[in-house]
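# Examination of the molecular architecture
Residue-level listing of the chains:
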Amino acid sequence: MQEALYYRKLDDNKIQCELCPWNCILSIDQSGNCKVRSNKNGTLITEVYNKVAALGSDPIEKKPLYHFYPGSAILSIGEVGCNLHCNFCQNHRISQCEAKQFSGFHNITSKRIIKEALKTWNNIGIAYTYNEPFTFYEFMLETAEKAASAGLKNVVVSNGYINQQPLLKLLPFIDAFNIDLKAFSDDFYQTYTKGKLNAVLKSLETIAQSQTHLEITNLVIPGLNDDLAEFEKMVKWIAEKLGAETPLHLSRYYPQFKMNIEQTPLETLNSLYKIAKKHLQHVYLGNVSDTERSSTYCPGCGAVLIERNRYKTELNNLSAEGTCKTCGSQANIKL
Ligand code: SF4
């Protein structure tokens, strides 16, 4: 049993978890909204420590991260649990189930994960992904700290729903984030995810200010978050607060979990792509086969820097410093 971080004791053996904006108050034997942190006799424990539900080597482009060591592999781990409850969750089998009811865990220590990462071909580090990594915060923090000491990179793929203090503690060990910005409307967040938009925006600003590499994913759902004016507000906010060089991945939605709206029409993705390109240097279409709009172009002269076809990546015109060989412009690429 592993005691969790970030909680305080209240009267009558109740406790308050302070890891994420839910700030759940838990009576004895009660679990939080994420279903993986519980009150055991007045102590907050994490039920997702020294174990994984999934572990495998993925192309870094699958996270998706297009500007962070393109063409490399990353050992990816995930658990169960999530602190948002999206009707359209693309990973609901592990994210929306209780730790107590899950039978597919493999016991593993952070030391063993690092050993695996060090011997995996073409591997740059460890990605905390598949379910929401902030819900296995303690195991992630411990692994990331040790992995950084071993010279590995740490990558977090997350919904960004975390309180500031734990985020600030984790930041020095993380090299790159991909954060889901699901919409630019609090109404959307409250109705379809049960979370709040402002907390996610705050996390994005904190990460951007820390200079940690950041990319954003926006899953486009027809009729729910594809309003052109609202979308333009979102990309303007990204450009102004996080920087116009922040890569944005527009991902095609397919019906999943509790949502049966039809998949995103390609015309919608094309319209949003054009709007985003007015304000941001690097915009990509995901979950579709589109070499043109999944390749990276120089923001200075337009030369193709990285050509992508699904997970096949070719570095064409990049210097070792990640600048364009033709005109020398920076393209916000870590190599
Ligand atoms: S991490 Fe889990 S238990 Fe803690 S506040 Fe968030 S939802 Fe509640």
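Small disclaimer: the values here were computed from a predicted structure and weren't measured.

This paragraph deals with the pairing of strand 16 (residues 283-286). Burial along strand 16 is two-sided: Val 283 and Leu 285 and Tyr 284 and Gly 286, pointing in opposite directions, are all buried. Judged from the four bridges that link them, strand 15 (residues 248-252) and strand 16 form a sheet pairing that is parallel. Bridging from a neighbouring strand, His 249 pairs with Tyr 284 of strand 16.

The domain architecture assigned to the protein consists of domain 1 (2-46), domain 2 (51-293) and domain 3 (295-335). For domain 2 versus domain 3, the distance between C-alpha centres works out to 23 Å. If you look at the interface, domain 2 gives 21 residues, while domain 3 gives 17 residues. Of all residues in domain 2, His 67, Pro 70 and Thr 291 give up the largest surface area on contact with domain 3, accounting jointly for 29% of the area buried on that side. Across the contact surface, domain 2 and domain 3 share zero salt bridges. Counting across the interface, domain 2 meets domain 3 through eleven residue pairs in polar contact (both at pLDDT 80 or more).

This next bit is on the environment of Glu 307. Within the secondary structure, Glu 307 sits in strand 18 (residues 304-309). In the structure, Glu 307 is positioned 221 residues away from Cys 86 in sequence and 33 Å away in space, judged by C-alpha atoms. If near-sequence neighbours (up to four positions away) are discounted, Glu 307 is found in contact with Thr 291, Ser 295, Lys 312, Thr 313, Glu 314 and Asn 316.

This paragraph deals with the packing of helix 7 (residues 228-242) against helix 8 (residues 266-279). At a closest axis distance of 9 Å, the pairing of helix 7 and helix 8 adopts a crossing angle of 30°. Taken together, the axes of helix 7 and helix 8 are roughly parallel relative to one another. As for the relative orientation of helix 7 and helix 8, their crossing is right-handed in sense. Across the interface between the two elements, Leu 228, Phe 231, Glu 232, Val 235, Lys 236 and Ala 239 from helix 7 touch Ser 271, Leu 272, Ile 275, Ala 276, Lys 278 and His 279 from helix 8. Tallied by class, the residues present in the contact of helix 7 with helix 8 amount to seven nonpolar, two polar and three charged.

We now examine the sheet that holds strand 18. Here three strands make up an open sheet; going across it, the order is 17-18-19 and the pairing antiparallel. Whereas interior strands pair on both sides, the edge strands pair on one side only; in this sheet they are strand 17 (296-297) and strand 19 (312-315). As defined by bridge partners, strand 17 adjoins strand 18 across two bridges and the pair is classed as antiparallel. Bridge pairing in strand 18 links Thr 296 to Ile 306.

All right, on to the environment of His 67 then. Relative to the helices and strands, His 67 is located in the loop between strand 8 (54-59) and strand 9 (73-78). Taking relative accessible area as the criterion, His 67 reaches 0% and is therefore assigned buried. Through-space distance from the C-alpha of His 67 to that of Asn 332 is 6.7 Å; in sequence the pair is 265 residues apart. Apart from the residues within four sequence positions on either side, His 67 is in contact with His 213, Glu 215, Pro 247, His 282, Tyr 284, Thr 296, Ala 331, Asn 332, Ile 333 and Lys 334. In this structure the side chain of His 67 is engaged in a polar contact, spanning 3.1 Å, whose partner is the backbone oxygen of Ala 331.

Counting 88 residues, the largest nonpolar core has Phe 177, Leu 181, Leu 204 and Leu 250 as its most contacted members. The residue makeup of this core includes at least three contributed by each of domain 1 (2-46) and domain 2 (51-293). Residues contacting Phe 177, with those up to four places away along its chain left out, are Leu 65, Phe 134, Val 156, Leu 167, Leu 171, Ile 207, Thr 212, His 213, Leu 214 and Glu 215. Counting residues in each nonpolar core, the second largest holds nine residues, with Leu 65, Ile 74, Ile 124 and Ala 176 among its members.

Using the criterion set out here, one finds nine aromatic pairs in the structure. With centroids separated by 5.8 Å and ring planes inclined at 80°, the aromatic side chains of Tyr 6 and Tyr 137 adopt a geometry described as edge-to-face. Residue Tyr 6 is found in the loop between strand 1 (2-3) and strand 2 (7-9), and its partner Tyr 137 is found in helix 3 (residues 137-149); the two are separated by 131 residues along the sequence. We note that Tyr 6, like Tyr 137, is buried. With centroids separated by 5.2 Å and ring planes inclined at 50°, the aromatic side chains of Phe 188 and Tyr 192 adopt a geometry described as tilted.

Let's shift gears to helix 2 (residues 110-119). For helix 2, every residue scored as buried is listed here: Ser 110, Ile 113, Ile 114, Glu 116 and Ala 117. Buried residues of helix 2, seen end-on, are gathered within an arc of 160° and therefore sit on one face of the element. In this structure, helix 2 carries Lys 111, Lys 115, Leu 118 and Lys 119 as exposed residues pointing more than 90 degrees from its buried face. Where helix 2 is buried, its residues meet strand 7 (51-52), strand 8, strand 9, strand 11 (123-128) and helix 3.

Analysis parameters
- Position labels on residues start from 1 in each chain and follow its written sequence.
- Per-residue local features of the predicted model are confined to residues with pLDDT of at least 70, and side-chain atom pairs are confined, for both listing and counting, to 80 or more; whole-chain, interface and lining totals are unaffected and use all residues.
- Calculated side-chain values reflect all of the structure's heavy atoms, with hydrogen atoms and water omitted.
- Three exposure classes are used, based on accessible area relative to the maximum for each residue type with a 1.4 Å probe and protein chains only: buried under 20%, partly exposed in between, and exposed over 50%.
- Numbering goes from the N terminus for both helices and strands, where a helix is a DSSP run of H or I of at least four residues and a strand is a run of E of at least two.
- By definition, two strands form a pair when at least two bridges between them are found by DSSP.
- Each domain's extent is set by a domain assignment, obtained either automatically or from a database.
- What makes two residues a contact is simply this: any of their non-hydrogen atoms within 4.5 Å.
- Accessible area, probed at 1.4 Å, shrinks when two parts are joined; the buried area is that loss added up over both.
- In what follows, salt bridge is the name for a side-chain nitrogen of Lys or Arg lying within 4 Å of a carboxyl oxygen of Asp or Glu.
- Any pair of N or O atoms that falls within 3.5 Å is considered a polar contact. Within protein, one atom must be able to donate a hydrogen and the other to accept it, and sequence-neighbouring residues count only if both atoms are side-chain atoms.
- Simply put, an axis is a line fit to the C-alpha atoms, just over the touching stretch for a helix, and the angle between two N-to-C directions goes from 0 to 180 degrees.
- Any angle that falls under 35 degrees is termed roughly parallel, while one over 145 is termed roughly antiparallel, one within 65 to 115 roughly perpendicular, and all others oblique.
- In this scheme, a crossing is called left-handed if the near helix is turned counterclockwise away from the far one by less than a right angle; it is called right-handed if the turn is clockwise.
- Under the grouping applied here, Gly and all other residues not named as nonpolar or charged are polar, the nonpolar ones being Ala, Val, Leu, Ile, Met, Phe, Trp, Tyr, Cys and Pro and the charged ones Asp, Glu, Lys and Arg.
- In this text, buried Ala, Val, Leu, Ile, Met, Phe, Trp, Tyr and Cys residues form a nonpolar core when linked through side-chain atoms within 4.5 Å.
- Ring pairs are drawn from Phe, Tyr and Trp, using the six-membered ring of Trp, whenever the two centres fall within 6.5 Å, and their geometry is named by plane angle: stacked under 30 degrees, edge-to-face over 60, tilted for the rest.
- Comment: arc refers to directions from the helix axis out to C-beta atoms.

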